[in-house]
Each structure stands twice: as structure tokens, then as C-alpha cells.
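# Observations on chain architecture
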Amino acid sequence: MDLLDDYTGHVEPGGPAARRDLQDVSITKVSVGPMDNNAYLLVDRGTGEALLIDAANETERLLDTVDTVADRSKVTSLATTHKHWDHIQSLEDAVAALSPTTYAGERDAPELPVAPDHTVGDGDTVAFGGSQVEIIHLDGHTPGSIALLYRDPAGSGHLFTGDSLFPGGPGKTAGPDEFRSLMDDLEAKVFGQLGDDTVVYPGHGDDTTLGTERPKLGEWRERGW
């Protein structure tokens with residue numbers, strides 16, 4: 001797998017992965033599958049242990065990414081942000097190849113092809129080496145959607161949102177009730193708790209920041225689902 005160390009938050013389908021190096025953790029982003037799904041590999045620099053977020057598609061491409069920046073035997077955790085099919089196409093194969101401990105939101109877990117070892121919600125954490133991410137439950141895109149927050153001790157927050165938050169708005173919902181639930185959770189648990197410098201890593205497309213998106217919250221509410 002080709003790897004870009006000049007991280008911009010943009011990756012191309014079929015193109016190289018991109019890595020961002022923080023003080024204690026590296027974040028590698030790669031696009032997989034026909035729907036340009038983002039998968040993320042967080043590696044604890046002290047131990048080499050890693051967390052894979054969303055084994056979405058193209059198992060060999062995911063494994064090539066792992067081999068480029070980590071050791072397969074040290075991918076100790078795998079988290080699924082939500083149950084939609086395009087985010088779980090490689091889940092079974094990735095679990096078979098890597099033997100990680102698996103995590104998913106409680107309300108989405110029954111519909112996953114691999115039952116998670118742990119169901120998670122608000123306040124839970126997922127550890128990898130000496131690092132961890134915090135779980136934020138965001139009800140709306142799916143009932144059990146989760147975001148994962150890494151707090152860089154030397155910098156800003158890094159928030160992996162699945163399909164719950166993108167540049168330009170929340171993820172798609174099935175109706176107005178689900179839209180209100182997602183907006184309520186985003187405003188209370190994300191925008192209401194985290195700073196503008198928090199980097200958002202979505203399930204598709206380019207990264208953004210909470211500061212870039214915050215002025216649009218009223219517009220999103222008015223626009224509706």
C-alpha cells in the first residue's frame with residue numbers, strides 16, 4: 001500500500017492511504033469499496049497496538065494498509081460505527097485475519113455479521129496499547145450509531161463519526177423523528193462538549209472540524225431531514 005505522510009484529510013478510492021502522526025498515536029485513513037468508505041487505523045506509538053475503525057470493504061486493501069503501518073498481530077481492537085451494509089462488508093474476514101476484540105453500539109449489534117465481543121455506549125472506552133478512544137452514542141442515522149473520540153494530550157480532539165456527521169451536515173435519517181434525535185445528540189454530546197479545533201473524520205469523504213461546521217447548526221435544523 002502506498003502511503004502519504006502529507007496528511008490533508010483527503011484520500012482517493014484505489015489511491016494511497018494517508019497517515020497523520022500525533023504525539024502518542026498515528027492515524028491512517030484509507031478509502032475502500034464502491035461507496036468510497038473511509039476506514040481508519042489508529043496505532044499506539046508506544047506499544048504498536050492498533051484499533052481499526054470500520055472494516056468496510058476490500059479486505060486485502062485493509063490488510064495491506066495494516067501491513068504498511070502496523071503489525072497484524074497487534075491490531076487488538078476493531079470498532080464498527082454502525083450497522084449499514086457498506087460499513088461491514090469486510091467485518092467477518094477482518095476478524096478472521098486479525099483476531100481483534102470487537103466493539104459496536106448496543107442497538108446495532110444484533111444486525112452485524114459478527115456478534116461484537118463488547119457492546120458500547122456513552123462513557124465507554126476502547127483501549128489499544130497505552131491509548132484509548134471514548135464512545136459517544138449518536139442515535140439517528142441508525143439506532144446504535146457511535147462516534148469514537150481520541151483526545152490528543154498534546155493537541156486537539158479527533159472524532160470518528162461514521163455516517164452521523166459529515167462536512168455540511170448530519171448523516172441521512174429515515175424521517176423527522178430520527179433527524180431530531182441525531183441533531184439533539186450532535187448538539188448536546190458533540191458540539192456542546194468539544195472545541196472548535198476537534199477534527200472530524202467521517203465515514204465517507206474528506207475531514208472537517210467542529211469549528212467549520214458549528215455556524216451551520218441552525219441551517220441544518222431549518223433544512224430538516
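Treat the numbers as computed from the prediction; the structure is a model and nothing was measured.

Within the secondary structure, Thr8 sits in the loop between strand 1 (3–4) and strand 2 (17–21). The exposed category is assigned to Thr8, whose relative accessible area is 59%.

Per the UniProt record, "domain: Metallo-beta-lactamase" (unreviewed entry) is annotated on residues 36–204. Annotation note: span residues 36–204, helix share 21%, strand share 34%, distance between end C-alpha atoms 6 Å.

Turning our attention to the sheet that holds strand 4 (residues 37–44). If you trace the eight strands from one edge of the open sheet to the other, you get 1-2-3-4-5-6-7-8, paired in mixed fashion. Every other strand in the sheet has two partners, leaving strand 1 and strand 8 (118–120) as the edge strands with one partner each. Of the strands in this sheet, strand 1, strand 2, strand 3 (25–32), strand 4 and strand 6 (75–80) are in contact with helix 1 (residues 59–69), which crosses strand 3 at around 155 degrees. Sheet strands touched by helix 2 (residues 91–98): strand 5 (50–53), strand 6 and strand 7 (101–105). Its angle to strand 6, the strand with the most contacts, is close to 165 degrees.

For Asp54, which is not glycine, the phi dihedral falls at a positive 70 degrees. For Asp54, the location among the structural elements is in the loop between strand 5 and helix 1. Residues other than glycine seldom take positive phi values, yet Glu58 does so here, at roughly 50 degrees. Among the secondary structure elements, Glu58 is positioned in the loop between strand 5 and helix 1. Overall, Glu58 belongs to the partly exposed group, its relative accessible area being 35%.

Here is what the cut-offs are and how they apply
Residues numbered from 1 in each chain as written. Predicted model: local features only at pLDDT ≥ 70, side-chain atom pairs only at ≥ 80, totals over all residues. Heavy atoms only, no water. Helix = DSSP H or I, 4+ residues; strand = E, 2+ residues; numbered from the N terminus. Buried < 20%, exposed > 50% of the residue type's maximum accessible area, 1.4 Å probe, protein only. UniProt positions renumbered as here; feature names shortened; annotations may be inferred. Pairing = 2+ DSSP bridges. Contact = heavy atoms within 4.5 Å. Axes fitted to C-alpha atoms, helices over the stretch in contact; angles between N-to-C directions.

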